[in-house]
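Fold and geometry: a report
As a plain string of letters, each chain reads:
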Amino acid sequence: MPRPVFQDRAVRMFAIIAAAIAVAMLAFVLR
Amino acid sequence: MTGSAPESARSTCTCAALGVAGIVGAYLSLALAPFALAAITAPQGSGVAAELGSGLALAGYAMLLMQFLLTGRFRTIGGRVGIDVILRLHQIAARMLTVMVLLHPFVYGLPRLFSDPAAYWSSLARMTMMPAFASGVAAWLLLVALMAMALLRPRLAIPYECWRASHGILAVLIALAGLHHALAVGGLSAAPALRWFWIALAALALYTLFHSYVVRPWLQLRDPWRIAEVRALGPARWLVALEPDNRPLAFDAGQFAWLKVGPHPFSLRENPFSIVSAPGARRIEFLIREAGDFTSTVGTLEPGARAWLDGPHGAFTLRAAMDAKRIVLLAGGVGLAPCLSMLRAAASAGDLRQYHLVFGNRCEDQIVPRDALEALAPSLNLKVDYVLSEPPAGWTGAVGQMTPQTLLPLLRSGDVAGTVYYLCGPPPMVTASLRALAALGVPASRIVTERFDYD
């Protein structure tokens, strides 16, 4: 059964973490 | 009748725990530190593909080591956010770090894959055969095995404690092989700063496991418990009461503890259960449904048997409703346990706020402990709605699953703005109830959920 994303605190936390890692990775790769 | 939470109903937990921002910030500090250290040491990149390969390895391995910290059941990490949320974070992070770590060896020479595919693959094959890369290849293969076992666990007929032991052993081997790989062949990790960062983080990760399996059980030896009572409440539903030999457990209503039964606390066989009794008493009670593994043997537990508790844990407490005028509790089956604990705590604290319990079950004899619920009525401003999906003849309560169709008529009567909603039950019930709350326009910040079954 699909889990509503809005309530899943862990998903919200990880979305922030994943986005920050992606940005940092981009900056690292393009340095 | 309205009011605010009485002081005595407020949290007894004074631990210094991180909130969401603290956890995300700490996680990112550790996950991104290798980038910063590598960028300081090697300010110039050596090509996009090579740097992307290194970047995936750096962040992936840092995240892998942090997996140990997330499962350490530390109150600093899970005390405020909820340890179930942290364990879910562990599961989600595992997927991302696995993709990053597994992909990284294929990325270094990626441009050559398009210009000369044969050379690309032969170079990769040559690398896997080189002794210097043996630890990296081993870590890569073990990570595949660990993830396969983790994702297939529901379908593998392996006892939980065997799975847990193999998960821990594989994780340690991957962490050590990964550390050797980073220090032996990692170009960026040759710099002392990054080298020592990996050694320190790996040591912290491995200590976490040692703490969980040795130090914490050893500390539990100071606080042995005894099974005081095992009582059948209804079909496959049991009340298990424990009494401490020494100190009682200080907990907030709604919290849970991991329970081990056996002569010593070093067993890997333990299960989390919500406490159904109110805080403050020496004796604590759990409401347990037979669902497999340990729970199917609950009825055979003998009073007097030795038991051990790791807790309290969980953020499913009235702390989230300090400013609420009304509290709605949506419980399914034994998801009633933390809700009943909260209601008992509110009653003993003289909490005059409005409480509304919606309690869903399949049939009427599963409404347990009904006598305890009804005993609360005189001392609380409490409305109880029972919902049954298979009601008996003459049932006058609500009928159906805990879906929006069933719940909306029950929940529409109150003021949404001043209400905090608590949901506890099987995942399908929680998911369906969330749809009902979404239809009512309840913001996520006013919903508190707890569930243990994920993927």
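Residues numbered from 1 in each chain as written. Chains lettered and ligands numbered in written order. Predicted model: local features only at pLDDT ≥ 70, side-chain atom pairs only at ≥ 80, totals over all residues.

Of the regular secondary structure elements, chain B holds 13 helices and twelve strands. Expressed as lengths along the three principal axes of its C-alpha atoms, the size of chain B is roughly 80 × 50 × 40 Å. Counting the 455 residues in chain B, one finds 40% classified as buried. The long-range share in chain B, meaning contacts at least 24 apart out of those at least 6 apart in sequence, stands at 77%. (Helix = DSSP H or I, 4+ residues; strand = E, 2+ residues; numbered from the N terminus. Buried ≥ 20, exposed ≤ 12 C-beta atoms within 10 Å, placed from the backbone. Contact = placed C-beta atoms within 7 Å.)

Attention shifts here to the overall build of chain A. Looking only at helices and strands, chain A has one helix and zero strands in total. In chain A, which comprises 31 residues, the proportion classed as buried is 32%.

This paragraph deals with unusual backbone geometry. Peptide bonds are trans in most cases, and residues, glycine excluded, mostly fall at negative phi. Residues and elements named next belong to chain B. Note that the residue after Gly311, namely Pro312, is joined by a cis bond; omega there is 0°. Cis geometry is adopted by the peptide bond preceding Pro369, which originates at Val368 and carries an omega value of -10°. Summarising the element assignment, Pro369 is placed in the loop between β8 (354–361) and α11 (370–376). The residue Arg73 is not glycine, and still its phi comes out positive at about 55°. As for its placement among the helices and strands, Arg73 is situated in the loop between α2 (48–70) and α3 (75–78). Owing to 19 C-beta atoms within 10 Å, Arg73 belongs among the partly exposed residues under this scheme. Positive phi, normally seen in glycine, also occurs at Ala236, with a value near 60°. By secondary structure assignment, the location of Ala236 is in the loop between β1 (225–234) and β2 (237–244).

This part is about the packing of helix α1 (residues 9–29) of chain A against helix α4 (residues 83–107) of chain B. For the pair α1 of chain A and α4 of chain B, the least separation of the axes is 8 Å and the interaxial angle reads 45°. Comparing their axes, α4 of chain B and α1 of chain A come out oblique. In this structure, α1 of chain A meets α4 of chain B at a crossing whose hand is right-handed. Along the contact surface, α1 of chain A presents Arg9, Ala10, Val11, Met13, Phe14 and Ala18 of chain A, while α4 of chain B presents Val85, Arg88, Leu89, Ile92, Ala93 and Met96 of chain B. A breakdown of the residues in the contact of α1 of chain A with α4 of chain B according to their chemical character gives ten nonpolar, no polar and two charged. (Axes fitted to C-alpha atoms, helices over the stretch in contact; angles between N-to-C directions. Parallel < 35°, antiparallel > 145°, perpendicular 65-115°, else oblique. Left-handed = near helix turned anticlockwise from the far one by under 90°. Nonpolar A, V, L, I, M, F, W, Y, C, P; charged D, E, K, R; others polar.)

As a further point, take the interface of chain A and chain B. Across the contact, 20 residues belong to chain A and 31 residues belong to chain B. Looking at the side of chain A that touches chain B, its residues break down into 16 nonpolar, one polar and three charged.

With that out of the way, let us pick up the environment of Gly60 of chain B. Residue and element names in this part refer to chain B. With respect to the helices and strands, the residue Gly60 is situated in helix α2. The buried category is assigned to Gly60, around which 23 C-beta atoms lie within 10 Å. Taking the C-alpha atoms as reference, Gly60 lies 5.3 Å from Val101; in sequence the two are 41 residues apart. Ignoring sequence-local partners within four residues, the contact set of Gly60 consists of Leu97, Met100, Val101 and His104.

Once that is clear, we can look at the confidence of the model for chain B. Residue and element names in this part refer to chain B. Residues with a pLDDT of 70 or more make up 95% of chain B, whose mean pLDDT is 91. Throughout residues 1–14 the model reports pLDDT below 50, and contacts reaching past four residues in sequence, or to other chains, amount to 30 contacts. We note a pTM of 0.85 for the whole complex and an ipTM of 0.86 for its interfaces. (pLDDT = per-residue confidence, 0-100.)

Since one α-helical turn is 3.6 residues long, residues separated by three or four positions face the same way. Taking 1.5 Å as the rise per residue, α4 of chain B with 25 residues should run 36 Å; its terminal C-alpha atoms sit 35 Å apart, in good agreement. If you check which residues of α4 of chain B are buried, you get Ile83, Asp84, Val85, Ile86, Arg88, Leu89, Ala93, Leu97, Met100, Val101 and His104 of chain B. (Expected span 1.5 Å × (residues − 1).)

Before going further, it helps to spend a moment on the confidence of the model for chain A. Predicted coordinates in regions of low pLDDT should not be interpreted in detail. Residue-level pLDDT values for chain A average 80, and 77% of them are 70 or greater. Counted against residues more than four places away or in other chains, residues 1–6 of chain A, with its pLDDT under 50, gives ten contacts.

Moving on: the sheet that holds strand β11 (residues 419–424) of chain B. All names here are of chain B. Spatially, the six strands line up as an open sheet ordered β10-β9-β8-β7-β11-β12, and their pairing is parallel. Sheet topology places β10 (398–399) and β12 (447–450) at the edges, where each strand pairs with a single neighbour. Where β11 meets β12, four bridges bridge the pair, whose relative direction is parallel. Bridged to Tyr421 within β12 is Ile447. (Pairing = 2+ DSSP bridges.)

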